[in-house]
Structure formats: structure tokens, C-alpha cells
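# Coordinate inspection notes
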Number of protein chains: 2
Amino acid sequence: LSTSSGKPQRFGWQIKPSKLSLNTHNRIRNIVESLKIKPNPEKPMIPLSIGDPTIFGNLKAADETMKAVLHSVESGKYNGYAHTQGHEAARQAVAKYSAHQRPNEEIDPMEVVLCSGCSSALEYCILALADRGQNVLIPRPGFCLYHTLAEGLDIEVRYYDLLPDQQWRADLVQLESLIDENTAALLINNPSNPCGSVFDEKHLRQLIGICERHYLPIIADEIYEHFVFPGSKHVAVSSLTTEVPVLSCGGLTKRFLVPGWRMGWIIVHDRKQRLVDAVVGLKNMCGRILGSNTLIQGALPEILAKTPQSYFDGVIDVLHSNATLAYKMLKQVRGLNPVMPNGAMYMMIGVDIERFPAFKDDTHFVQELVNEQSVFCLPGSCFEYPGYVRIVLTVPKTMIEEACARMTEFCDRHFKKDSRAFIEHGLLDEEDLAF
Amino acid sequence: LSTSSGKPQRFGWQIKPSKLSLNTHNRIRNIVESLKIKPNPEKPMIPLSIGDPTIFGNLKAADETMKAVLHSVESGKYNGYAHTQGHEAARQAVAKYSAHQRPNEEIDPMEVVLCSGCSSALEYCILALADRGQNVLIPRPGFCLYHTLAEGLDIEVRYYDLLPDQQWRADLVQLESLIDENTAALLINNPSNPCGSVFDEKHLRQLIGICERHYLPIIADEIYEHFVFPGSKHVAVSSLTTEVPVLSCGGLTKRFLVPGWRMGWIIVHDRKQRLVDAVVGLKNMCGRILGSNTLIQGALPEILAKTPQSYFDGVIDVLHSNATLAYKMLKQVRGLNPVMPNGAMYMMIGVDIERFPAFKDDTHFVQELVNEQSVFCLPGSCFEYPGYVRIVLTVPKTMIEEACARMTEFCDRHFKKDSRAFIEHGLLDEEDLAF
Ligand SMILES: Cc1ncc(COP(=O)(O)O)c(C=O)c1O
Ligand SMILES: Cc1ncc(COP(=O)(O)O)c(C=O)c1O
């Protein structure tokens, strides 16, 4: 017996989860859980997979940041509900802190929406702009959360390619070809997870140009905006356009090394009043879970004003010197092609998988690297980009050094010079091949 | 020109908000904003509308609760990401704290999901159980968030009536008549906002019986579970059934007087393994915004263990004596019918609107009460229940006293004995009527 709606009538306990909940996939977890991992007991595990910069112990929140929260707690003033978009003073502080995103014009605190982490900021932006059946353009390789947030609501994600040999700039032609009348937004992640790339101004202007031609708003995931290595410069996309509306997502998570605090925000850059209705929707969304933790909101003005530049410089220094070290070491490994990052806290490493005939793909490579060497990277598949692995740069220097040494050993062991050609043709001696 | 999808192709800036975001309404705010309010400048405002118990200054979080957070911050151990469902130790603490919800069997920490406030707990429960086109049964009068959370996702809400003259028990016959093959869950809010009612065991068993007959899981909003006045007893619905799966939503918000901290939780009671798939969905949902603030998670074990009973008793005492006082005063006001609450922190007051011909409905009554007396109640319409107003009981005693005195003055001034009959029939002298 079934009804017109197609659902069987209930004659027993058959509680189904919603499609939304089932389609809210965490791709990283799914892939990681599919690995058959048994780390080598002889070698202590080095998890270069973990995007939490605080767990290795070498990187810690600044004393000033911590003190600001203590003051907030001690004041006893921040236990009550805040405005769903955040306390006025906290939003004011974020507006001031983010002044570089809009030179020559002040950001109004009303244009700031505090959220429960940058994740929640991204969720609100995507869900406020895109309806079921619409699509959002997202980068490949890219952070898997965009997909997680969109797919459960039947919002299609369309991947535009980042080009590893062009410093991970977007393939503009391919990107533009994805746009149709159902495209709701272009999502830019700059600096990028997992690439560690930082778009230059010229490239950003090209992206803006596309959005202008197609009347597309930009969702800018700029959570790593201040994680930029010496010699590079992060330019906020919102600073380059008054035509294209930009929703910039940021937060304390990475720069202040406090991911657990869940303090993120959206800054609405809408100079030509093109998002007015959408911003109403965006603010409605805040009414769903009533905002972010108020103790952190209470601390925000002090955190943003008092955490010293020297602290930030110290963190960048760790990331940059780890990147330089890992790049130098891995560059020399046959079969690996690290791409030197300019920011964020990751490095992508190309794996010439045909040179490692023992492994069928990046995921298999990662699995065996754990099993033999107890070094855990994330396979590029986690970012829709097979053929690469991603390492984090937030670990202590000795760890990155040791990890790279083990990866070298691992690759040396499994590397076969043009093995397929050798096997297929039976013509060449392995030693004859040069690179 | 338009495409097959019915959407016009984009030839200009026409960024529309999503349906989800537009349909995420906050009914209280919508109604309150529609009021034309100009408080009487002669009288200081008494906002009996505000559901934040901390803003009046008389009710404060316990020292023990605050200290627990200071310890958590000072430890420096809780800055990183937690498991998306929460730190193990925090979930363990909630499981122990909630033991009364499942006598004779331990709650496993794996059955606890920490969320960003009880709101987020409710969001996940509703969204994990119900698909677009399905329906959830919710109480009327009831907390408007249920509607806010469901309607944007095209999940229908169906209201079952609570009966004011039966201590706000549900109308079981009407409730059962709402159930069809698309009903995904019964939501119970006990103790109730706005009614302040507490269901007795017998009534809970009746509700369970309906769910058993129709194979319906229960979402139990038990955020006020410990806000029960002397003489009443809260019984957790999960403690009465092993047949019907129950998702109990709770949190620190009300009992610990820290709504801004956004610490809520879901406890999954699924003794017969009927929610296994739905719980996978529920846990997936946590991957969307990556959990709740970790400083509070770190403090949870200490908060739940150390906040003393005397503190809770003190808060109940304030609520109960305010309820008793307001009831006693308002009971004597012609045209008002307060319903004495047994728990939570609200009281509903019936308004015989036909006796106040100056006002067309509860909303109008509320508006003029502010304008004349600077006393702000919420109209019952905010809870889908016109003809009533809701006051909060969390204010200082002198405030509730003054508010009730002003309400008395207001009602006395506008009360017309059987005015409609008088006007309509022209037969009776006002003074002739007795009650
Ligand atoms: C690119 C990117 N955006 C957003 C986030 C989420 O940040 P949050 O922890 O503040 O939600 C991350 C976290 O790793 C990220 O890498
Ligand atoms: C019945 C009910 N459920 C849930 C909530 C939301 O609680 P939280 O602030 O923890 O999200 C409230 C808040 O007023 C409420 O009254």
C-alpha cells in the first residue's frame, strides 16, 4: 500500500533519515575511513593530515588572545543572548579589523554578521544565495566543506580548475564555461586550502571581470587572508571592485589559532546595493541557531586590537620555514612534485603515480605511506584532485624534517623508472632512463 | 527569454535570496516589529517580553559555573577543534548529568551530540528526521523556533492544540487526527514555553501511546527540564518508553543562565535500534558547522558536577514566587485569565478581548499596554495563540509587582462589561452585568 506521495504508509518502525542529512557528506572522513591503516609500530605516527594547527603543541594562541577571553568571562557581561548577528561592539571591532577589505570607505558594523566559525559563515552565504537546482562554482582542488554544505540542499557544485603549473590560478576559460542561468555565485578561496596559493591582483581582476559579465556575486572564503608568506601579498577581492558584490567569510580560527572557539564572520561588501534582498535572507539565517558564543564576542574587540604583530609574524615564520624545508627536501624525491605555497598552511605534492606501480592511486599511496612510514598525508581525492597529496605545515620543524625523510625513503623504495613503459615494451633497462 | 527551468536568464544584477533564507522567519520579531510602540515616557519600561533571563541583573550564572570556564580557558587545552559531536569528556559529563532520562541503563557518550545551543540541537533533529514535504507535529501555543527551522526547508508543521483549561495538556484526539504517512516526528516541549506547563506521567504515557501506534519518533525539547516549581515533577519522556525512540534536546542555556554560550545537546534514546540510520544523518549534520565552542565543552564536566543545588533552588524560588505573585494579582483583574504555570519561566494570560473593545486583538492590546503603561508582554500570536499574552517570570520581584499593578490599571481603564452585547443589543446597562 502506498499513497499518492509515493511514500508507503507506515506499518512499522521505518524511520528514515532525511536526504539532507544523508547527503551531508564529509568527503575527507569518508575517504580516510576507507583506508586500511595500520601504522608502522616501529615509527611514531606523524599526522600531516590534520588541519588543526593547535594539536602539535608548537603553535599556541597568543597570551593576549587568551587574556581577552579571561577578561570577557570575568566581566560577567557576556552570558546573555547577543543579537543574532552579534554584539554591536564585536561587529564594530571586526569592521575595523577588516578595513583593508574596503579601502576608502568604512565598513558599517551592520555589514558584519558573526557566525559560529567560518564554516557557518560559508553555510549562510551559500544557503542564502542558492536555491535547490541552482549551482555554485567552487575550486578544484578545494576545501570539501563547500560540497558538504551545498549538496544536501540539492545545490549543485560545479568545479572550476586551478592550474598547478600556473601557481594554482583558475582556468578562466573553463570557469566561464560552467556559468549558466542557474549559477548563483562564484566561490573563491584565497589563500587556498589545499593549495597554499595566493592569487595576485591581476588574476583577481580577471575573476571579477567574469563575475561582472555574468552578474555573479562572489563568496570569498578568506579565512587565511593573513597567512601569507614573505614576498607574497594577499589582496582582498572586495578591495578591487565596487561593481561585484562580495560576501567575505573570515574568522579567528586560523590566524589566532583557536579553531575550537567557533568564531567566524561574514562581511557584506555590496557597494551598489545588489544584495539587499539576499542580505535580508542572510540575516534571517542567523535566527536559526541564534548566533555564536558570546564570551568570545565579548573578547573580540580586545583580541583584535591587542594580539601583537610579532605573534602573527612568528606563526608565519613557522609555516614559511616548514614550507621551504619540505619543498626543498621533497623536490629532490623522484616521483614527487611539490608545489611551493605562498600562504595558508598546506602544501600540495604531485605524485607521479605511474612511477609507483605498487599503488593504484593517491589514496593507495597515502595508505601505504602510513603503513610503512607512519606518515599520514591527505590524498588529493579529498579535494577532488587525485594525483596529489596534501601535507600540513603547522607541525614542529623536526617533525616535518623527519616526515620528509621518511617520504623520501618510501618513494625511493617504490619508485620505478618509467616502469610501465619498461613492463609494457620490455625494451629498456631501468637504469637507462634519465629525467 | 527564459530557460526550461523557468528562471530568466541573467541580463543584469538580479540576485535573489534563496527560498530557504526568505522563509526562515522569526515570527516573534516580525510581530514585534509590526507594533507601533512608543512607551509612555513617564513610566520606565518593563520588558516582560524578553526570554533572556540574564538581562535584568537579578539572575546570574553561578560562581561555580563561571569558574569552570575560567579553568577551561586557563588550561589552554581547549582551543583546538573538537570532534564534531563534541569532546568525549564533555559528552560523558552530559550522559551522566542526564542519567534520569534513562533509569536502569547507562547513557553512552556516543549517544550524546553537543550542539550550538538547544536551537541547533532542534535544528538537527528536525532536519535529520524530516524531508521536504513531510510534516512534524508541534504544539500550539508553542515556541516559534520550530516553525522557523522547518518551514524554510518545506517541512510542514502541523499544530496540535494544548488546552489551557486542562493544564495545557495536548488535545489527544486532535493530535492523532493530524498524523498521516508523511508525519516524521512528534515534537513535545515539556516544560513548555510559553505555557509554563509540566506534563504529568499519565499524559506523557498517552502521548507515547500515540507514537507507538503510529511508529513516530519523539523530539523532546526539554531545555526547561529542571525548571519545575515545588509540587510539580518533570518526567523525561524517554524514561517512560523503550519502544518509542526519543531525541531529547537540552542544554546549559536556561538552568545555568548562560544563553549566550550556545551550549546545547541531543541525547539519543533509541533502545530498540530504530533510529540507527537517522542517527547517522544526525551526526552528519554536525559536520556542517563543526560543533560548539570548545572552551565551554572543556568546562562542561566541572559545570555539571560543581554547580550546587542551592543555586538552582534559588533560581526556582525566584521564578515560582514571581509566578505566584503575578497570578494572584492578575487573577483579580477583570478581563484577564492568568494560567498558573508549574515550570519554565513564563506565564500565559488569557485576555477576554471582547471586554476590551478598544483593542482588536492580543497584538493591539500589547501595543497599547506598552504605549500607556510601558509594560511589554508578547502577544499570544507570537506562539500561534491569539487571545493570550505571555509574560516572563525572570524579572526582579518589584518589577513584576509594578508591572502587574500597571496591567491592572490598564485593564480597569479599558474594560467594558459585556460591551459587545451592550453595543449590539442596546438592552443592558453595563452595571447590570455580573460575572
Ligand atoms: C578554506 C577553509 N575555509 C573554512 C574553514 C573552516 O573554518 P572554521 O573552523 O572557522 O569553521 C577551513 C578550515 O579548515 C578552511 O580550510
Ligand atoms: C522551548 C525552547 N527551546 C529551545 C530554546 C532555545 O535554546 P538555546 O538558546 O539553547 O538555543 C528556547 C529558548 O528560549 C526555548 O524556549
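Look above for the structure.
Attention in this report is confined to the structure presented alongside it. (Residues numbered from 1 in each chain as written. Chains lettered and ligands numbered in written order. Predicted model: local features only at pLDDT ≥ 70, side-chain atom pairs only at ≥ 80, totals over all residues. Heavy atoms only, no water.)

### A closer look at the relation of the copies chain B and chain A
Two copies of one chain are present, and they are related through a rotation about an axis combined with an axial shift. Operational definition: A least-squares fit on C-alpha atoms brings the copies together, and the residues used are those whose pLDDT is at least 70 in both copies. Here, two residues are considered to be in contact whenever any of their heavy atoms come within 4.5 Å of each other.
Expressed as a screw operation, the relation of chain B to chain A combines 0.0 Å of axial shift with a rotation of 180 degrees, fitting to an RMSD of 0.0 Å. Accordingly, the operation relating the two chain copies is best matched by a two-fold axis. Interface residue correspondence from chain B to chain A reaches 100%, placing this contact among same-surface, isologous pairings.

### Section: the pairing of strand 4 (residues 156-163) of chain B
Residues and elements named next belong to chain B. The cut-off we apply is this: Burial classification: accessible surface area is computed with a 1.4 Å probe over protein chains only, and a residue below 20% of its type maximum counts as buried, one above 50% as exposed, and the rest as partly exposed. Here a helix means four or more residues in a row that DSSP labels H or I, a strand means two or more in a row labelled E, and each is numbered from the N terminus. By convention, a crossover is right-handed whenever its connection, traced from the first strand over the helix to the second and viewed with the strands pointing away, goes clockwise. Strands pair, by our definition, only if DSSP identifies at least two bridges between them.
For strand 4, the buried fraction is high: seven of the eight residues fall into the buried class. In terms of handedness, the path from strand 3 (residues 135-140) via helix 6 (residues 145-151) over to strand 4 forms a crossover that is right-handed. The sheet contact formed by strand 4 and strand 5 (residues 169-170) spans two bridges and is antiparallel. Bridge pairing in strand 5 places L162 opposite A170. The antiparallel hairpin formed by strand 4 and strand 5 contains five residues in its connecting segment, where Q167 sits at a positive phi of about 50 degrees.

### Digging into the site of ligand 1
Test applied: We call a residue near a molecule or strand when any one of its heavy atoms sits within 4 Å of it. Any pair of N or O atoms that falls within 3.5 Å is considered a polar contact. Within protein, one atom must be able to donate a hydrogen and the other to accept it, and sequence-neighbouring residues count only if both atoms are side-chain atoms. Only the protein chains shown count as covering a residue, and every accessible area follows the Shrake-Rupley method with a 1.4 Å probe. Residue polarity is assigned by list, with Asp, Glu, Lys and Arg as charged and Ala, Val, Leu, Ile, Met, Phe, Trp, Tyr, Cys and Pro as nonpolar; anything else, Gly included, falls into the polar class.
In the vicinity of ligand 1, 16 residues are found, and the nearest of them are S119(A), D221(A), Y224(A), T253(A) and Y81(B). Near ligand 1, the surrounding residues belong to chains A and B. A distance of 2.8 Å is found between an oxygen atom of ligand 1 and a backbone nitrogen or oxygen belonging to C118(A). Y224(A) has a polar side-chain atom sitting 2.7 Å from an oxygen atom of ligand 1. In isolation ligand 1 exposes 400 Å². Once the protein is present, 97% of that is buried. No other element matches the four residues that helix 5 (residues 117-129) of chain A contributes to the shell around ligand 1. Residue classes in the shell around ligand 1 are distributed as eight nonpolar, five polar and three charged.

### Brief notes about the interface of chain B and chain A
As a reminder of what qualifies: Accessible area that two parts lose when put together, evaluated with a 1.4 Å probe and summed over both, is termed the buried area.
Each partner contributes residues to the interface: chain B has 88 residues there, and chain A has 88 residues. In total, about 7,200 Å² of surface goes out of reach between chain B and chain A, with carbon and sulfur atoms giving 55% of it. Seen at the junction of chain B and chain A, the total is 34 residue pairs in polar contact (both at pLDDT 80 or more). Put simply, the parts of the chain that give the side of chain B that touches chain A at least two residues each are helix 1 (19-22), helix 3 (63-75), helix 5 (117-129), helix 6, strand 6 (183-189), helix 8 (201-214), helix 9 (276-286) and helix 10 (294-306) of chain B. The residue inventory of the side of chain B that touches chain A, partitioned by class, reads 40 nonpolar, 28 polar and 20 charged.

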